Amino acid sequence: MTEFPPLSRGPVAGLRTEEIGFAGLGDLALAESPGARAEVLARTILAVFDDYYDRFRAMAPLAKAAFETRDWPRTVALSAERLSIYSVSIAILAPLLHAAVPELGRESGFWAKVEAHYLGLIEGRYEADLAFAFLTSIRRKVFEDEWRPVAYSYPAGRPGPAAVRRETLARFAADMPVPAEIARQILSVPAFGAEWRDRAGDERLLAEAIGRAAAGIEPGCRTVRVEMARCGFFRNRGAYLLGRITTPSGRSAPLLVALLNPPSGLHVDAVLTDSDELQFVFSTTLANFNVTCPYYHELAAFLFELMPKRPVGVHYSSIGYNHLGKIAVMNEIVGEQRRTGERLGTAVGFRGTVAIGFSMPSSRYVMKIIRDRPSDGYKWGAFPGVEKVLDKYRLVHEIDRAGSMLDNIIYYRVKLDRRAFAPELLDELLAEGGSTVSLLGSEVVFRHLVVQVKLVPLPVFLETASPEAARLAVLNLGDCIKNNAAANIFNKDLDGRNYGVNPIGKVYLFDYDAVEPLTSVKVRTNTDREEGEEGIPDWYFEEGTVFLPEEMLPGLRIDDPELRRLFRTAHADLLTVAYWEGLQRALASGKVPRVRSYPEARRLARPDAAAA
């Protein structure tokens with residue numbers, strides 16, 4: 001079978017990019033021909049990749065240890081660090097290469113030699129696709145000041161052979177009713193090194209939950225099989241075990257076991273057996289998971305089998321392989337266009353004053369560029385510029401999005417077929433985003449391109465939704481605003497058109513040009529003014545962002561009076577100064593309210609549930 005490379009090529013304590021880069025480039029003096037220089041360069045880039053990837057892989061065991069020891073600051077730090085080490089490696093190495101190898105930026109033939117040597121070096125490695133993505137990221141950084149697009153594609157990475165797939169999943173079988181023994185085996189998969197609060201009780205409750213799920217998909221079934229990924233999924237204060245329940249007829253249901261480890265001890269908090277509910281947990285609106293399994297192709301495929309409504313590229317991102325996810329998403333978009341023949345046109349909904357959104361009717365994605373200057377209706381004073389707006393989109397990508405903000409995939413110097421664009425859209429992109437969009441023969445080249453999973457804008461959704469779906473969306477809108485606030489994100493443009501509804505009814509914020517830290521907002525009120533009192537309120541003269549909670553509802557564009565009453569009743573706290581100021585104090589003191597990523601109803605019923 002394909003052996004996965006061991007963690008032995010470099011220390012985990014810190015990236016050695018600069019050290020490796022200088023050592024490798026020092027060998028250039030001994031290289032007498034362009035071919036030899038290209039080989040030295042290829043080996044240097046691969047050595048830096050290996051160092052990066054060793055550290056990336058080592059973070060999952062560290063996250064597991066942090067969960068076991070309740071080192072919550074460490075879990076947050078690891079999540080942020082894992083997002084940054086790829087770009088840090090690129091940012092350090094690319095300037096070294098550019099300075100030491102001047103022909104790199106001016107001779108395309110030389111880069112072709114580097115790439116040929118590099119492909120030879122990575123041939124046969126499981127992570128060859130990730131290593132090649134690293135090489136193309138280096139190229140983009142070297143050429144970042146030039147209009148030189150680089151395709152977001154590469155020789156496809158291959159999943160491992162059947163033996164690797166068998167290693168990825170553990171399989172258990174049992175007669176009905178499901179015995180506690182099968183639950184014991186499932187809970188043993190990650191080999192937790194923490195004390196359980198009541199393991200026997202958890203095993204009984206988990207076995208009962210599996211039995212109910214099996215009976216639900218095949219009433220009267222006598223046996224059940226369970227497949228579990230041989231790993232733990234770690235994020236923030238939680239750990240998860242992922243699998244699938246299958247009955248003799250072949251019917252199946254996903255299985256997600258959510259665990260917590262408070263001071264009272266490790267325990268199973270919830271069991272989910274519905275694909276839509278799993279999407280809440282694995283949504284990329286939350287921080288990525290650290291996963292203690294190196295076989296990312298098999299894991300992404302397994303996730304897609306359990307949650308087919310989510311594109312496969314998004315599954316790669318949810319387990320931390322963002323750069324593979326980027327390429328998979330771009331390949332999906334190109335594949336959608338070729339398969340359907342649809343053209344990209346202006347996205348459904350309100351035309352933004354800062355961004356231009358566009359998509360194909362049946363696509364799962366929306367693409368955006370930032371306008372060179374805002375259109376009429378912009379309401380935030382001086383426009384900060386394209387890069388400042390992009391910084392906000394980057395910020396949202398790098399933080400824990402609290403389950404209520406879409407992740408952003410930001411592409412640089414990407415090209416798409418000109419024939420894929422409706423003429424009127426292309427005219428608008430070139431006229432309004434000329435610093436970002438240009439034509440190069442038969443292709444449209446983007447200096448930057450933001451891609452998000454497609455949502456239905458909230459006002460559009462409410463126009464045609466059933467009464468029940470509309471009520472759920474309005475309730476979820478309030479939860480979305482609260483979750484964002486818990487992540488210290490305040491959207492000063494509290495306009496319903498900046499929120500969207502996904503296929504399972506959850507609401508997300510998707511437009512970020514008006515976001516800023518909640519702790520920097522001045523929360524004020526007019527409710528303390530006497531009726532008929534004249535004069536301008538004191539807050540009117542304050543600098544910065546001033547927010548009046550009692551006036552937020554009209555901007556949310558909930559036109560139906562019943563739905564407005566529902567929001568006002570269910571989320572009355574959002575309309576008060578006390579709520580927002582209390583949250584600001586909590587954030588300032590380091591106390592961030594917990595955001596649950598699965599329904600409360602899925603928590604296991606037990607006598608001590610309140611203590612959990």
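No experiment lies behind these values; they were computed from the predicted model shown.

(A) The arrangement of the overall build of the protein in detail. Each helix and strand in the protein was counted, giving 19 helices and 20 strands. Taken across its 612 residues, the protein has 53% of its residues classed as buried. Considering only contacts within the protein whose residues lie at least 6 apart along the sequence, 70% involve residues at least 24 apart.

(B) Up close: the confidence of the model for the protein. Residues at a pLDDT of 70 or more form 87% of the protein, whose mean pLDDT is 85. Within the model, the stretch residues 1–13 combines pLDDT values under 50 with 34 contacts to residues more than four positions away or in other chains.

(C) Molecular detail of the packing of aromatic side chains. Evaluated as defined, the whole model comprises 31 aromatic pairs. Between Phe282 and Phe289, the aromatic rings sit 4.8 Å apart at their centres with planes inclined by 40°, giving tilted as the arrangement. Pair check on accessibility: Phe282 and Phe289 agree, each one buried. A network of ring pairs unites the aromatic residues Phe49, Tyr52, Tyr53, Phe56, Tyr86, Tyr126, Phe134, Tyr295, Tyr296 and Tyr321 as a single cluster. Lys326 extends its terminal NZ or CZ atom over the ring of Tyr411, reaching a point 5.4 Å from the ring centre.

(D) Quick peek at helix 11 (residues 296–306). Extensive coverage of helix 11 is indicated by the burial of eight of its 11 residues. What helix 11 keeps buried is the set Tyr296, His297, Glu298, Leu299, Ala300, Phe302, Leu303 and Leu306.

(E) Examining the sheet that holds strand 17 (residues 507–509) more closely. Strand order in the open sheet made by the three strands is 14-16-17, with antiparallel pairing throughout. Either end of the sheet is taken by a strand with one partner, and the two such strands are strand 14 (456–457) and strand 17. Here strand 16 (residues 499–501) pairs with strand 17 via three bridges, running antiparallel. Its bridge partner lying in strand 17, Val501 is registered against Val507. Across the sheet, helix 17 (residues 467–486) is in contact with strand 16 and strand 17; its angle to strand 17 comes to roughly 40°.

(F) Spatial organisation of helix 15 (residues 423–432). If you check which residues of helix 15 are buried, you get Leu425, Leu426, Glu428 and Leu429. Down the axis of helix 15, the sector holding all buried residues measures 160°, keeping them to one side. What points out from helix 15, more than 90 degrees from its buried face, is the exposed set Glu424, Asp427 and Ala431. Taken together, the buried residues of helix 15 touch strand 8 (345–346), strand 9 (355–359), strand 10 (365–370), strand 12 (437–440) and strand 13 (443–453).

(G) Summary view of the pattern of salt bridges. Per the stated rule, a full pass over the model turns up 28 salt bridges. For Arg244, the salt bridge goes to Glu227, with nearest N and O atoms at 2.9 Å. Here Arg244 is found in strand 4 (residues 238–246), whereas its partner Glu227 is found in strand 2 (residues 223–229), with 17 residues between them in sequence. Comparing Arg244 with Glu227 shows no difference in burial state: the two are buried.

(H) Layout of unusual backbone geometry. Put simply, Met176 and Pro177 share a cis peptide bond, and its omega is -5°. Of note, Pro177 is situated in the loop between strand 1 (169–175) and helix 8 (180–187). At Arg70, a position not held by glycine, the phi torsion is positive, near 60°. When you line up the elements, Arg70 lands in the loop between helix 2 (34–69) and helix 3 (72–100). The exposure class assigned to Arg70 is partly exposed, which follows from its relative accessible area of 32%. Positive phi outside glycine occurs at Ala191, with the angle close to 55°. Positionally, Ala191 belongs in the loop between helix 8 and helix 9 (199–217). Note on Ala191: relative accessible area 54%, which makes it exposed.

(I) Spotlight on the state of the cysteines. Throughout the structure, instances matching the rule amount to zero disulfides. Residue Cys231 stays outside any disulfide, its sulfur separated by 4.9 Å from that of Cys293, the closest cysteine. Owing to a relative accessible area of 2%, Cys231 belongs among the buried residues under this scheme.

(J) A look at the pairing of strand 4. The element strand 4 is largely enclosed, with a buried count of nine among its nine residues. As paired elements, strand 2 and strand 4 share four bridges and run antiparallel to each other. By the bridge assignment for strand 4, Arg225 is matched with Thr246. For strand 3 (residues 233–235) and strand 4, the ladder comprises three bridges, and the chain directions are antiparallel. Pairing of Arg235 across the sheet is with Gly238, part of strand 4. Between strand 3 and strand 4, which pair antiparallel in sequence order, lie two residues; one of them, Asn236, sits at a positive phi of approximately 50°. Sheet topology note: the strand 4/strand 5 (residues 252–260) ladder contains nine bridges and is antiparallel. Residue Leu241 lies in a different strand from strand 5, and its bridge partner there is Val257.

Criteria and thresholds
- Residues numbered from 1 in each chain as written.
- Predicted model: local features only at pLDDT ≥ 70, side-chain atom pairs only at ≥ 80, totals over all residues.
- Heavy atoms only, no water.
- Helix = DSSP H or I, 4+ residues; strand = E, 2+ residues; numbered from the N terminus.
- Buried < 20%, exposed > 50% of the residue type's maximum accessible area, 1.4 Å probe, protein only.
- Contact = heavy atoms within 4.5 Å.
- pLDDT = per-residue confidence, 0-100.
- Phe/Tyr/Trp six-rings, centres within 6.5 Å; stacked < 30°, edge-to-face > 60°.
- Lys NZ or Arg CZ within 6 Å of the ring centre and 35° of its normal.
- Pairing = 2+ DSSP bridges.
- Axes fitted to C-alpha atoms, helices over the stretch in contact; angles between N-to-C directions.
- Arc of directions from axis to C-beta.
- Salt bridge = Lys/Arg side-chain N within 4 Å of Asp/Glu carboxyl O.
- Disulfide = S-S within 2.5 Å.

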